[in-house]
Every structure is written in structure tokens, then in C-alpha cells.
Amino acid sequence: MTEPRPEEPTASAVRPYVITRGRAASDIESLAWESLVMATDAAFPASLQPEHQTILAHCQGLLSVAEVAAHIGQPPSVVQVLLCDLLEWGLIVTRPPVPPAEHTDVTMLRKVLHGLESRL
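Residues numbered from 1 in each chain as written. Predicted model: local features only at pLDDT ≥ 70, side-chain atom pairs only at ≥ 80, totals over all residues. Heavy atoms only, no water.

An ideal rise of 1.5 Å per residue puts 18 Å on 13 residues; helix α4 (residues 76-88) measures up with 18 Å between its terminal C-alpha atoms. Among all positions of α4, only V78, V79, Q80, V81, L82, L83, C84, D85 and L86 are buried. Within two residues after α4, G90 carries a phi angle of roughly 75 degrees, on the positive side. (Helix = DSSP H or I, 4+ residues; strand = E, 2+ residues; numbered from the N terminus. Expected span 1.5 Å × (residues − 1). Buried < 20%, exposed > 50% of the residue type's maximum accessible area, 1.4 Å probe, protein only.)

Structure follows, in C-alpha cells:
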């Protein structure tokens, strides 16, 4: 029998519904996968679940919900529930996703270009 190589991911023995205590969603509004999260400077209690502690360790800078999920190896839906817990407890702050850029008015750009060309 061969042992798994260290670089191969191993499946967690704990089911996602156990990690979230059976919750599929949070009481507060769910975070979008592209929302940015960052841990606050508040000291977190040692009684937190290991998954909460792992998330806080990874969120020292701004990370998206999807990136956090990839780092800790859990489905994004599970991470959304855990992040909502941390947000409710004041241990993380969030930044909404950047809205898609609006289309630029091409007419205005042409006027700017013609104005620059006339100055040269």
C-alpha cells in the first residue's frame, strides 16, 4: 500500500454540514464569492472552531471569499457561513465586490483625442 504524497490534498474527515452546524445559510445576508474580507485587530477567543481560526489566520490581508475557500480547502458555501459568523462577531470586516465598469462614452473619448491632436 502506498502512502499519499505530501503535495496531494487529502479529504477532510469532517463533513461540511458538521462544520456549519447544519446551517446552509447565515442569519445575515450571504457574502458574494468575490466579496473581500480581512481579519480585524480584535483578539479572538480560543474557543472558536478550528475552521474559524484557520480563516482568521489566512485573512490578515484582503482576500475574496473564493480565495479563502481555496486556502482552507472547504466549499465556498461553507466558507460563506463561517465568514458570516466571524462578521457577526466583529472578527472580520468586509468590502463589497467592485461593481462592473460602465461602458465609456466613445464620443467623449473621440473629442478628447481630437483636442489632444489639435494641440500637437
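Picking up where we left off.
Attention shifts here to the pairing of strand β1 (residues 36-39). Residue alternation in β1 divides its side chains into a buried set, V37 and A39, and an unburied set, L36 and M38. Examined bridge by bridge, β1 and strand β2 (residues 63-64) share two bridges and lie antiparallel to one another. Bridging from a neighbouring strand, L36 pairs with S64 of β2. (Pairing = 2+ DSSP bridges.)

Right, let's get into the nonpolar core. By size, the foremost hydrophobic cluster in this structure holds 20 residues, and its most contacted members are V37, I55, L56, V68, V79, L83 and L86. Elements represented by at least two residues in this core include exactly β1, α2 (50-58), α3 (65-72) and α4. When residues of this core are assigned to their parent elements, the largest contribution, six residues, is made by α4. Excluding residues that lie within four positions of it along the chain, L56 makes contacts with A39, F44, L48, L86, L91 and I92. (Core = buried A, V, L, I, M, F, W, Y, C linked by side-chain atoms within 4.5 Å. Contact = heavy atoms within 4.5 Å.)

Close contact between α3 and α4 brings their axes to 9 Å; oriented N to C, the two are set at 110 degrees. By the angle between their directions, the pair α3 and α4 is classed as roughly perpendicular. Contacts from V65, V68, A69 and I72 of α3 reach α4 at P76, V79, Q80 and L83. Taken together, the residues of the contact of α3 with α4 sort by class into seven nonpolar, one polar and no charged. (Axes fitted to C-alpha atoms, helices over the stretch in contact; angles between N-to-C directions. Parallel < 35°, antiparallel > 145°, perpendicular 65-115°, else oblique. Nonpolar A, V, L, I, M, F, W, Y, C, P; charged D, E, K, R; others polar.)

So, about α2. E51, H52, I55 and L56 are the residues of α2 that are buried. Down the axis of α2, the buried set is contained in an arc of 140 degrees. They therefore lie on one face. Opposite the packed face of α2, turned more than 90 degrees from it, sit the exposed residues P50 and A57. (Arc of directions from axis to C-beta.)

Next up on the list: the sheet that holds β1. In spatial order, the strands read β2-β1-β3; together these three strands make up an open sheet with antiparallel pairing. Looking along the sheet, the strands with just one partner apiece sit at the ends: β2 and β3 (92-95).

One way to put it is that α2 packs onto α4 with a least axis distance of 10 Å and a crossing angle of 80 degrees. Judged by the inter-axis angle, α2 sits roughly perpendicular to α4. Residue-level inspection shows E51, H52, I55 and L56 of α2 in contact with α4, the latter providing L82, L83, D85 and L86. Partitioned by chemical class, the residues of the contact of α2 with α4 number five nonpolar, one polar and two charged.

Let us look at the confidence of the model for the chain. Model confidence for the chain is summarised by a mean pLDDT of 79, while 76% of its residues fall at 70 or above. The least confident element of the chain, judged by mean pLDDT, is helix α1 (residues 16-19) at 60; the most confident is β1 at 92. (pLDDT = per-residue confidence, 0-100.)

A few words now on a nonpolar patch on the surface. Taken together, the side chains of M38, L62 and V93 make up a nonpolar region of the molecular surface, amounting to roughly 230 Å² of accessible area. Within the secondary structure layout, V93 lies in strand β3. (Patch = residues over 30% accessible without salt bridge, like charges linked within 9 Å, V, L, I, M, F, W, Y side chains within 5 Å. Areas by Shrake-Rupley, 256 points an atom, 1.4 Å probe, with all protein chains shown as cover. Salt bridge = Lys/Arg side-chain N within 4 Å of Asp/Glu carboxyl O.)

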